[in-house]
Amino acid sequence: MGSITLKQVTKSFGDVNVIKPLDLEIKDGEFIVFVGPSGCGKSTLLRMIAGLEDTSSGNIEIDGNDATKTPPAKRGLAMVFQSYALYPHMSVRNNIAFPLKRAKVAPAEIEAKIASAAKILNLGDYLDRKPGQLSGGQRQRVAIGRAIVRQPSAFLFDEPLSNLDASLRVNMRLEISELHKSLATTMIYVTHDQVEAMTMADRIAVFNGGVIEQVGTPMELYRNPVNRFVAGFIGSPKMNFIDVKPVDGDPTRSIGVRPEHLKVTQEQGLWTGKVGVIEHLGSETFLHVHVDGVGTLTIKDDGECPLQYGDQVNLTASQNKIMHFDKEGVTLASLSWGDNAVVAQ
Amino acid sequence: MATTQSRTLARIMLFPSVILLLAWMIVPLCMTLYFSFLDYNLLIPGNNDFVGFLNYEFFLTDPAFIESFFNTLWLVGGVLLITICGGIGLAILLDQAIWGRNYVRIMVLAPFFVMPTVSALVWKNMFMNPVNGLFAHFANWLGFAPVDFFAQIPLLSIIIIVSWQWLPFAALILLTAIQSLDREQLEAADLDGAGPFSKFYYIVLPHLSRAITAVILIETIFLLSIFAEILVTTSGGPGYASTNITYLIYTQSLLQFDVGGGSAGGIVAVIIANIVAIFLMRLIGKNLED
C-alpha cells in the first residue's frame, strides 16, 4: 500500500510562501514525477512528504492515515538523496543493513534481505567495499538498495540522477523504471529535467512558484498543456512562442508551436525567415530561423537537412498544431484545435 | 609543470633553508648528546671528564624518574581524555543554531590565547587558593572544608588547568569537522530510523575520527613538554607528586647546575617522546591514511 494524499498543504519560511495551498492525490503503485524549474518548491514538498520539513498547514495522509506530525522513520517511506547520502565509513553491506538494524530485524533476515537487494541491483561484487571505492552509478544503486530493503510503502527520489554523466543517466533512468515495474511500489520522483519526467512518469505534476500548474500523463501534458508555462516546459526543444496583435473578439495574445510541428516549405508559408545556427544531431537537425518581427524560431527537421547558414526559408505548421494563449497565458481550448484563426501577425 | 629542470631548480632553491633547519635541529641535539656523556657541573669547574653512561645511570635509577615518568603519562592521558570528550560535547553544542553563535565561538576560543603562566596564576590564586579561591568560598558556602588543591591533588589540579587551556583547541578542530558533515547523511539516518544516540555513534563519531586523531597527535606533542603550569603552581611538589620529565630535567640542570645529568635526561625525554609518537601512530595513525 502506498497512496499519499496532500490536502491544502502549505509551507512558508518566515514570510516567504514556498508552497501555496496545494492538493494532490498520489495513487498506490503510481510513478509520479514532480518537475519544475529550480526554486519552484518541488524538493521542499518531497521533503515535507518525507517528514524532513515541517508542514506549515494542511494535512499529509499516507494510506488514509494523517501523517502530518509523524516522525520521518515512522512514515514507512524511503528516500534516495541527490548526494546519495551513503554512510562513508560503512561497507555497502552495512549501509544497506543500517535501517534494518535500527528496526531490530533478526540477523538472518537482514542477510536474506541484503542478498535479495544485491541480486536485484547487481551489487553482489561490491558488498564489502566502502562507498568511496564505488562509481557514481554504483553508489546510486547502493542508495536505492538501502531504500528497497525497508520495503517502504513509497519511494521518494530527490533528483537522483543529476550527479551522473549523461550516458549513465540514461541507464539509471531505465533501471529505475524497470524497478518500478517489478516492485509496483509508489514512487515520487523530483527532477528539473523534463526528459526524465516524460520518459519515466505515469503522471507528471508540473510545479511553478509553489503551485502545481498541471497534473497529467506525459502525453496529456504534451498535447493539452493548460497554459504557456506547461507548454514551454514540456517538450524538447522548447515550444516557440509568438506574440500576436490583439484582434477584436479574439482573446489570443500569443500562439505557440512546437519545433517538431514547424515545417520548411517551398510554397508561401506562415513565416519567412533566414536560417541561423544549424545543429546537426545525426538523426535530426535543429534549425534556428530568424523571422523579422517574430524573433527566432526553432525547427526540428530530419537528419539530412540540406539548408545552409543564411538561407531564406518559408515555414509553416498545420493549424491544429498551433496553440493559442490569452493574456494570462491560459490555453484557449476552442481555438487551439482545428479552428482556422488568423495566425500571421 | 614539473619538468626535470624545474624540479632540479626547486631543489637547489630549497637547499639553503633545508640546511638551516637541519642545523637548527642537529646542532643542539648533538651538543646535548655530547654533554650527556660528560661529568659537567657548573658548581664544580674542572676537566669535564668523559664518564660514559654514568649520567644516564643516575638519571634512570633516580626514584624521581619513575614517578615523573608516570606523572607525564597521567598528565598527557588525563588532558587528552578531558579535552576530547569535552571538545566533542562543546563542538556539538556550538554547532546548534543559537543566538549570537559567532560571539559564543570567539568567547569559547579565548582560553587558548591566554599565556600558560598567566592562566596557571589565575587558576592558582583566583580559583584553587584554599583561602581566597572561588572554589574554597563555594565549598564553605556548602558547608564543606575547602580542598587545598595543590597540596592534596597537585597532579589533578594541573590536569584541570591544562585541560582548560586545550579544550578550546579541541572544540574548534572538532567543530569544523562536524560542520563538514553532509546534512543529507543525517537526514538519511532520520529516515532509516536512527535516534539521536545512534546518529551520534554511527554517523557523527566516525566522521570525527580523523579530526580526533589529529587533535590527539598535536596535543600529545605539546602536552609532553608541559612546564610553565607546573613551575607557577606547585614547582613539581609536594615531593615529586606533580613533576613530569620536562620539569625533572629543569630541576636537574638548572637547580642543581648538573648540565651532564640534565642533558642525559633530555636525551631520555627525546627517546620517550619518540616511543610515544611511534605508539600513537601505530594505534591511531591509520585513521589519517585514506
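Fair warning: this is a prediction, and the values are worked out from it, not measured in the lab.

Points about the overall build of chain A
Okay, so step 1: A count of helical and extended segments in chain A gives nine helices and 18 strands.
Okay, so step 2: Counting only C-alpha atoms, chain A reaches 75 × 45 × 35 Å along its principal axes.
Okay, so step 3: Burial statistics for chain A: of 345 residues in total, 39% are counted as buried.
Okay, so step 4: Sequence separation of 24 or more characterises 62% of the internal contacts of chain A that already satisfy a separation of 6 or more.

Structural notes on helix α12 (residues 245-255) of chain B
All names here are of chain B.
Okay, so step 1: What α12 keeps buried is the set Ile245, Tyr247, Leu248, Ile249, Gln252 and Ser253.
Okay, so step 2: Check the buried side of α12 and you find it contacts α3 (63-95), α11 (228-233) and α13 (259-284).
Okay, so step 3: Following α12 by one or two positions, Phe257 has its phi on the positive side, about 55°.

Regarding the sheet that holds strand β16 (residues 295-302) of chain A
Residues and elements named next belong to chain A.
Okay, so step 1: Here we have five strands laid out as an open sheet, ordered β13-β17-β14-β15-β16, and antiparallel in their pairing. Every interior strand has two partners, whereas the edge strands, β13 (263-265) and β16, have only one. When the angles between neighbouring strand axes are averaged without regard to direction, this sheet yields 50°.
Okay, so step 2: In terms of strand pairing, β13 meets strand β17 (residues 312-316) through three bridges, oriented antiparallel. Pairing of Lys263 across the sheet is with Thr316, part of β17.

Quick word on the sheet that holds strand β10 (residues 211-216) of chain A
All names here are of chain A.
Okay, so step 1: Across the sheet, which stays open at both edges, the six strands sit in the order β6-β7-β8-β3-β9-β10 with mixed pairing between neighbours. Among the strands making up the open sheet, the edge pair consists of β6 (77-80) and β10. With direction set aside, neighbouring strand axes in the sheet form an average angle of 20°.

So, the environment of B:Asn132
Okay, so step 1: The topology assignment puts B:Asn132 in the loop between α5 (116-127) and α6 (134-142).
Okay, so step 2: Considered as a pair, B:Asn132 and B:Leu223 are 91 residues apart in the sequence and their alpha carbons are 29 Å apart.

Parameters at a glance
Residues numbered from 1 in each chain as written. Chains lettered and ligands numbered in written order. Predicted model: local features only at pLDDT ≥ 70, side-chain atom pairs only at ≥ 80, totals over all residues. Helix = DSSP H or I, 4+ residues; strand = E, 2+ residues; numbered from the N terminus. Buried ≥ 20, exposed ≤ 12 C-beta atoms within 10 Å, placed from the backbone. Contact = placed C-beta atoms within 7 Å. Pairing = 2+ DSSP bridges. Axes fitted to C-alpha atoms, helices over the stretch in contact; angles between N-to-C directions.

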